[in-house]
Amino acid sequence: MLDIIRREIERSPHFAINYEQYMNLVLYHPEKGYYNREQQKIGRNGDFYTSSSLSDLFGMVWANWFYESIKRNDLKPIICEIGAGNGRFAKSMLEELKKTHPDFYHEVEYLIIEASPYHRGKITDCLRNEPVSIFSSIEECQSKVPDFCGVIFCNELLDALPVRVVEQSKSMLYEMVVTLNERSKLSEKKVLCKDENVISWIEKYVGRLNQGQRIEIPLKMTEWLLNLYGWIKQAVVVFVDYGYTRSQWKEPILQSGSLRGYMAHQMISDPILYPGEMDLTSHVHWDAVKMIGREHGANCKMFQSQGMFLLENGILNHLQETINTDPFSKEHKQNRAIRSLVLSSMADQFQVMIQKKTVT
């Protein structure tokens with residue numbers, strides 16, 4: 001991976017690449033990128049946890065919500081999960097539908113869009129007996145479903161899209177780029193930001209930056225959202241992720257931005273360490289997602305913490321009586337999982353945004 005990055009830097013006009021280019025390489029390179037490597041990434045033996053990797057309860061709660069949402073909004077029985085990881089969410093959700101709404105289960109069409117060949121293999125193994133169709137991109141899925149009418153579900157997807165990184169210094173805006181030092185090691189430097197796309201994005205979605213503030217600019221997220229909204233015709237769109245509102249980005253605790261790595265469940269503050277060997281992530285600009293959606297007919301209908309969403313949608317109905325005193329019994333494990341999902345830091349740090357686009 002280092003050789004690939006060095007070649008990109010050496011052939012670039014300014015002997016440097018921006019963080020968006022760097023993240024594209026270390027995360028999505030077809031052979032050496034983190035997400036495409038033949039290596040476990042999610043769960044105890046991986047680098048990070050997701051809500052669905054903690055417990056099947058996450059998928060079970062969403063199963064009923066999908067059913068109710070499709071019926072309430074008169075949508076086609078189509079669910080599209082984008083960025084499905086290892087397929088555990090889909091499996092637990094579909095198994096719950098099979099038990100609670102069997103007629104709907106046999107009617108529903110479940111589509112999965114997953115860019116990583118490694119994860120597509122995991123999904124195929126996990127969902128071998130389930131009625132799913134797997135695609136590598138929105139464009140590929142669009143060839144089968146040209147005018148999408150159903151539910152879109154994205155769990156921890158937006159935070160993994162590449163970003164630009166800028167820093168305000170006095171009256172000047174600088175961009176952080178990756179270059180090579182005199183020992184041919186990766187290093188970061190800042191250059192004057194002249195990219196009008198970055199500058200206008202900040203003006204529109206962030207506003208004035210604090211003095212010395214460093215922040216991530218998700219141009220790729222904006223591009224991806226425009227592609228999504230252009231595909232869907234009548235749909236409910238769900239984003240589950242961690243992020244901040246426009247006012248929260250101004251708080252002093254976020255002065256240094258949010259881009260960081262995760263490796264073996266340890267946070268790595270320097271994003272250019274271990275290229276291709278660790279996950280890279282940044283927090284979502286929620287107000288930007290809301291505004292971009294509204295501009296393209298997908299209005300925000302709900303925005304709340306994940307913990308509150310799960311409570312309001314019946315996760316406590318899955319509490320088990322614990323006559324069994326064995327703390328490792330199925331009942332105790334399920335109740336601990338519920339506590340983790342609604343009371344742990346993940347419950348507050350993750351948010352759920354639901355948008356709705358209707359035919360006009």
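Residues numbered from 1 in each chain as written. Predicted model: local features only at pLDDT ≥ 70, side-chain atom pairs only at ≥ 80, totals over all residues. Heavy atoms only, no water.

> Explain the pattern of salt bridges here, please?
Proximity of charged atoms lets side chains of opposite charge pair with each other. The full count for this structure, using the stated rule, is 14 salt bridges. Notably, a salt bridge pairs Arg6 with Asp3, separated by 3.3 Å at the nearest N-O pair. Taken together, the positions of Arg6 and Asp3, both in helix 1 (residues 2-11) and three residues apart, correspond to about one turn of that helix. Assessed through its relative accessible area of 49%, Asp3 is described here as partly exposed. A salt bridge links Arg164 to Glu175; the shortest N-O distance between them is 2.5 Å. Of this pair, Arg164 sits in strand 6 (residues 164-169) while Glu175 sits in strand 7 (residues 172-180), and the two are 11 residues apart along the sequence. With relative accessibility at 8%, the residue Arg164 sits in the buried group. Each of the salt bridges in this network shares a partner with another, and the network as a whole consists of Arg164, Glu175 and Asp195. (Salt bridge = Lys/Arg side-chain N within 4 Å of Asp/Glu carboxyl O. Helix = DSSP H or I, 4+ residues; strand = E, 2+ residues; numbered from the N terminus. Buried < 20%, exposed > 50% of the residue type's maximum accessible area, 1.4 Å probe, protein only.)

> Even after reading the chapter, I still don't get the pairing of strand 8 (residues 186-192), so can you show me in this structure?
Within a regular strand, the side chains alternate between the two sheet faces. Judged from the seven bridges that link them, strand 7 and strand 8 form a sheet pairing that is antiparallel. Counterpart to Glu175 in the pairing with strand 8 is Val191. Following strand 7, the chain reverses through five residues before pairing antiparallel with strand 8; Ser184 in that reversal takes a positive phi of roughly 60°. (Pairing = 2+ DSSP bridges.)

> Explanation requested: unusual backbone geometry in the structure shown.
The general pattern is negative phi for most residues beyond glycine and trans for most peptide bonds. Here the phi dihedral of Lys170 falls at roughly 55°; this positive angle occurs in a residue that is not glycine. One can find Lys170 in the loop between strand 6 and strand 7. Even without being glycine, Tyr274 reaches a positive phi, approximately 55°. As for its position among the elements, Tyr274 is in the loop between strand 12 (266-268) and strand 13 (279-281). Accessibility expressed as a relative area gives 39% for Tyr274, which makes it partly exposed.

> What is the right way to read the packing of aromatic side chains from this model?
Within a pair of aromatic rings, the relevant descriptors are the distance that separates the centres and the angle that separates the planes. Under the criterion given, the structure shown has 20 aromatic pairs. Ring geometry for Tyr242 and Phe350: centres 5.2 Å apart, planes at 85°, overall edge-to-face. Pair noted here: Tyr242 is in strand 10 (residues 232-244) and Phe350 is in strand 16 (residues 350-357), with a separation of 108 residues, a long-range link. We note that Tyr242, like Phe350, is buried. (Phe/Tyr/Trp six-rings, centres within 6.5 Å; stacked < 30°, edge-to-face > 60°.)

> How should I be thinking about the sheet that holds strand 12 in this particular structure?
Where strands meet in a sheet, backbone hydrogen bonds hold them as pairs that are either parallel or antiparallel. In space, the three strands of this open sheet follow the order 12-11-13, with antiparallel pairing throughout. Strands with a single pairing partner mark the edges of an open sheet, and in this sheet they are strand 12 and strand 13. Going across the sheet, the axis of each strand differs from the next one's by a mean of 35°, ignoring polarity. Taken together, the three bridges between strand 11 (residues 260-263) and strand 12 define a ladder with antiparallel strand orientation. Each residue of the ladder has a partner; that of Tyr262, found in strand 12, is Met267. (Axes fitted to C-alpha atoms, helices over the stretch in contact; angles between N-to-C directions.)

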